[in-house]
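# Chain and residue survey
This is what each chain is made of:
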Protein chains: 2
Amino acid sequence: MLGARGLLRGLRACSSAPRPRRALPARLSVLAALGAAGGERIKVQGWIRSVRSQKEVLFLHVNDGSSLESLQVVADSSLDNGELTFGSSVEVQGQLVQSPSRMQNVELKAEKIEVVGNCDAKESGFVHIHTPIITSNDCEGAGEIFQIEPSSKINGSDENFFNVPAFLTVSGQLHLEVMSGAFTQVFTFGPTFRAENSQSRRHLAEFYMVEAEISFVENLQDIMQVMEGLFKTATMTVLSNCPEDVELCHKFIAPGQKDRLDHMLKNNFLIISYTEAIEILKKASQNFTFTPEWGADLHTEHEKYLVKHCGNVPVFVINYPLTLKPFYMRDNEDGPQHTVAAVDLLVPGVGELFGGSLREERYHFLEQQLARLGLTEVYQWYLDLRQFGSVPHGGFGMGFERYLQCILGVDNIKDVIPFPRFPHSCLL
Amino acid sequence: MLGARGLLRGLRACSSAPRPRRALPARLSVLAALGAAGGERIKVQGWIRSVRSQKEVLFLHVNDGSSLESLQVVADSSLDNGELTFGSSVEVQGQLVQSPSRMQNVELKAEKIEVVGNCDAKESGFVHIHTPIITSNDCEGAGEIFQIEPSSKINGSDENFFNVPAFLTVSGQLHLEVMSGAFTQVFTFGPTFRAENSQSRRHLAEFYMVEAEISFVENLQDIMQVMEGLFKTATMTVLSNCPEDVELCHKFIAPGQKDRLDHMLKNNFLIISYTEAIEILKKASQNFTFTPEWGADLHTEHEKYLVKHCGNVPVFVINYPLTLKPFYMRDNEDGPQHTVAAVDLLVPGVGELFGGSLREERYHFLEQQLARLGLTEVYQWYLDLRQFGSVPHGGFGMGFERYLQCILGVDNIKDVIPFPRFPHSCLL
């Protein structure tokens, strides 16, 4: 208490008294700052790991990845412009002083705090919805799905338990769209299922997805900002809350992964269009198993090449051919190459991690798409959402096990889930 | 800051200087205390809603349900014996004073804080596990379950996708038991499924359960303490975090529910044995559809009677007949009426809300049970858990939608889940 008061007086003196011109402060890593003697004027750059705001003093912990320990920054509350939030990146200038607390040797008396990239933790405004596992939709109308029946009836009666065929969900998106029409920003985190006969290192029959849906969003840029924010904030939280676990993986499973991850966190994600992606692939010296061609899906080999080409920074690929994507994605009305406002995020080591889009909110566009696919009757309820208070909206899904693969550097998806389910295997 | 310092001086004077004998302080509700002028010596009883501990001062918010607003208690840190945690019940004695903060008019300068019932928030030491949805166990070997197959194969080939028949989980318990052998205390929160053809107001085909499993637990008392703690802590958190939502339900759906809930929170839950329960039911003047009899299951009508008989306080029923319960429950080795260490928690309005037990950790007892049921081969892996580092352990599951029914006073379970699934209905 007394220490804080003393500091406060010091800070007030700092900020109000006229000062002689001083040499530019040296830029130090957090590690170097923590090891310094105190007294130096320095500059530190990093991310805010915690904020404790008192009436007149503000305490921040800033970490730049150079040390597990963070640097405590003490500032006059007047320096807080409301952007000093968990996860935002800052540049702090001030004087290193001996700390009155036994928690650390030195702390940084801030004279100036500049927010480099703010992080207004949008997820906190999202309502968590439990979307159903059993559904009468098959959602994307594509891919293999699981059907369910009471075990006593599976070889018997023709009558369905639910009167209609029922499936295991492949995505909570359509249900989230219902809820986003009332709660504006919603998310779900739960299991999803595919019955695909794949033995790959990045597919499971049962896997978890974080999915989000946001109303009143009019462009992909806004969706991508939430995606990038989610990836970075979640990762920084993991790194700060369980550093030992992460270190264990990085040390024994994926040496060098810490640097690769740091590289992803410190750089802005890139954005290229699908059309640009195809151009890059066509110019590549690498021989692909599947020849890249406008109108064809990107394969894992293509995704990995693109990420490498972009300097091993996550890359958003946007505006895919309409014919490649599900009926609910928003028509870009471009030509002659007709695209939709879709976005996939490709990350090092894994390839596709997120998929998202603006949704087609215009009744007649959606009606035409459904009619073209013969789905009008089945999705009448979905079409109705566009008739009553329709808003521009969009969202995305992130594969949770792939996310773990990406940050931990684990090669096989079966190693990041306690009870993996895949073709020919359902142990316990 | 200065206010806190002033208070601190005051507190020190209070606790160290010899004081003249004073009249016993009046016991006030939080509502009455908040409306008082200040200066009175009083006593308040309630639950701790928040704890903020500074070097020399401790701030508590105490609520007793008489007001949505809590009373701020300011105490010298020396009064904190480590038991002043969120959710614990306390009796605080001291002097009401004008608060230096604009957040409240008065606050209570504590002279003495007594913990009535502590609440050591055990759940915070629990590791969250995602138990699988698809399983090759049918867990309890009882009740109707859902089987799954790829939709393209459901009427075709004989080959299973997973090589073995696969089902939707009815409980994550067995998988939690695997994990509790490494993490000691674990929990899961996820969807579970029953294919029962029930149209009742408390059954769904897809519902959520909170399940917990605790190693090194040797008696039901420990399990019941966690169950009661979970119910009370979760409820107080809901009441304090979203009072408006709860009030809306209480006002328009279930008038009087607030008092009934308060009654549950303020009283210790009761404990009776199954045998005592049957005695009570047999002596009842009420005519039951199902005649109560030792060895037969309790029906909803029985459960509701028992809760009423116990003064509308939640009641634990323990030690059920061995023949009524699944193979994994621990044999009490009693006689002539052979029971297992099972526990169900019955609550007003809903009936059974939790079910739990000690698990049979003794290899030979479990082996005999499995042999008797012809399940030895299927559950060999489960039996193996008792051969390698077996420990006494136990756990429970709580139906989440029933919990919502109970605290909100909602009569039909279909009204507390956004997309209810039940026989003949799987909308969207």
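Residues numbered from 1 in each chain as written. Chains lettered and ligands numbered in written order. Predicted model: local features only at pLDDT ≥ 70, side-chain atom pairs only at ≥ 80, totals over all residues. Heavy atoms only, no water.

Our working rule: UniProt positions are given in the numbering used here, feature names are shortened, and annotations may be inferred rather than shown by experiment.
The name recorded for chain A in an unreviewed UniProt entry is asparagine--tRNA ligase, from Erinaceus europaeus. Regarding chain A, the UniProt comment filed under Sequence similarities (unreviewed entry) reads as follows: "Belongs to the class-II aminoacyl-tRNA synthetase family."

## Observations concerning the relation of the copies chain B and chain A
Superposing the two chain copies requires a rotation about an axis and a translation along that axis. Operational definition: When the copies are overlaid, the least-squares fit takes in C-alpha atoms only where the residue has pLDDT of at least 70 in both copies. Only heavy atoms matter for contacts: two residues are in contact if any of them lie within 4.5 Å across the pair.
Once chain B is rotated about the relating axis by 180° and shifted along it by 0.2 Å, it coincides with chain A to within an RMSD of 0.2 Å. Both copies of the chain, as the preceding transformation shows, are related through a two-fold rotation axis. By C-alpha distance to the rotation axis, the residue of chain B lying nearest is Ile148 of chain B, at 2.3 Å. Of the interface residues in chain B, 100% have counterparts in chain A that sit at the interface too, so the contact is made through matching surfaces.

## What about the packing of aromatic side chains?
The relative placement of two aromatic rings is captured by the distance of their centres and the angle of their planes. All names here are of chain A. We count it as follows: Pairing of aromatic rings covers Phe, Tyr and Trp, the last counted by its six-membered ring, and requires centre-to-centre distances within 6.5 Å; plane angles under 30 degrees mean stacked, over 60 mean edge-to-face, and any other angle means tilted. Relative accessibility decides the category of a residue: with a 1.4 Å probe and only protein chains considered, values under 20% of the type maximum give buried, values over 50% give exposed, and everything between is partly exposed.
Under the counting rule described, the total for this entry stands at 36 aromatic pairs over all chains. Ring centres of Phe327 and Tyr328 lie 5.5 Å apart, and the angle between their planes is 75°; on these two criteria the pair is classed as edge-to-face. Under the relative-accessibility criterion, Tyr328 is labelled buried at 2%. Taking 5.5 Å as the distance between ring centres and 55° as the angle between the ring planes, the aromatic pair formed by Phe354 and Phe396 counts as tilted.

## Examining a nonpolar patch on the surface
All names here are of chain A. To keep things clear, this is the line we draw: Note on patches: the residues involved have over 30% relative accessible area and no salt bridge, like charges join within 9 Å, and the nonpolar side chains Val, Leu, Ile, Met, Phe, Trp and Tyr join within 5 Å. Surface accessibility follows the Shrake-Rupley procedure with a 1.4 Å probe radius. Residue values consider only the protein chains on display as shielding. Any carboxyl oxygen of Asp or Glu that lies within 4 Å of a side-chain nitrogen of Lys or Arg is treated as forming a salt bridge with it. Runs of E in the DSSP output that reach at least two residues are strands. Runs of H or I that reach at least four are helices, and both are numbered from the N terminus.
Residues Leu248, Phe252 and Ile253 make up a contiguous nonpolar surface patch of roughly 350 Å² in combined accessible area. Secondary-structure assignment places Ile253 in the loop between helix H5 (243-252) and helix H6 (257-266). Residue Ile253 is classed as partly exposed on the basis of its relative accessible area, which comes to 49%.

## Some details on the sheet that holds strand S11 (residues 185-193) of chain A
All names here are of chain A. Defined as follows: Any two strands with at least two DSSP-identified bridges between them are counted as paired. To define axes, lines are fitted to C-alpha atoms, for helices over the stretch in contact only, and angles between the resulting N-to-C directions are given on a 0 to 180 degree scale.
Read from one edge to the other, the open sheet built from 8 strands follows the order S7-S11-S12-S17-S16-S15-S14-S13, with strand pairing classed as mixed. Bordering the open sheet on either side are strand S7 (127-128) and strand S13 (270-273), each of which pairs with just one other strand. Pairing geometry for strand S14 (residues 315-321) and strand S15 (residues 339-347), over 6 bridges, is antiparallel. Residue pairing in the sheet places Ile318 in a bridge with Val343 of S15. Each of S7, S11, strand S12 (206-215) and strand S17 (393-399) is contacted by helix H3 (residues 173-183), which is oriented at about 30° to S12, the strand it contacts most.

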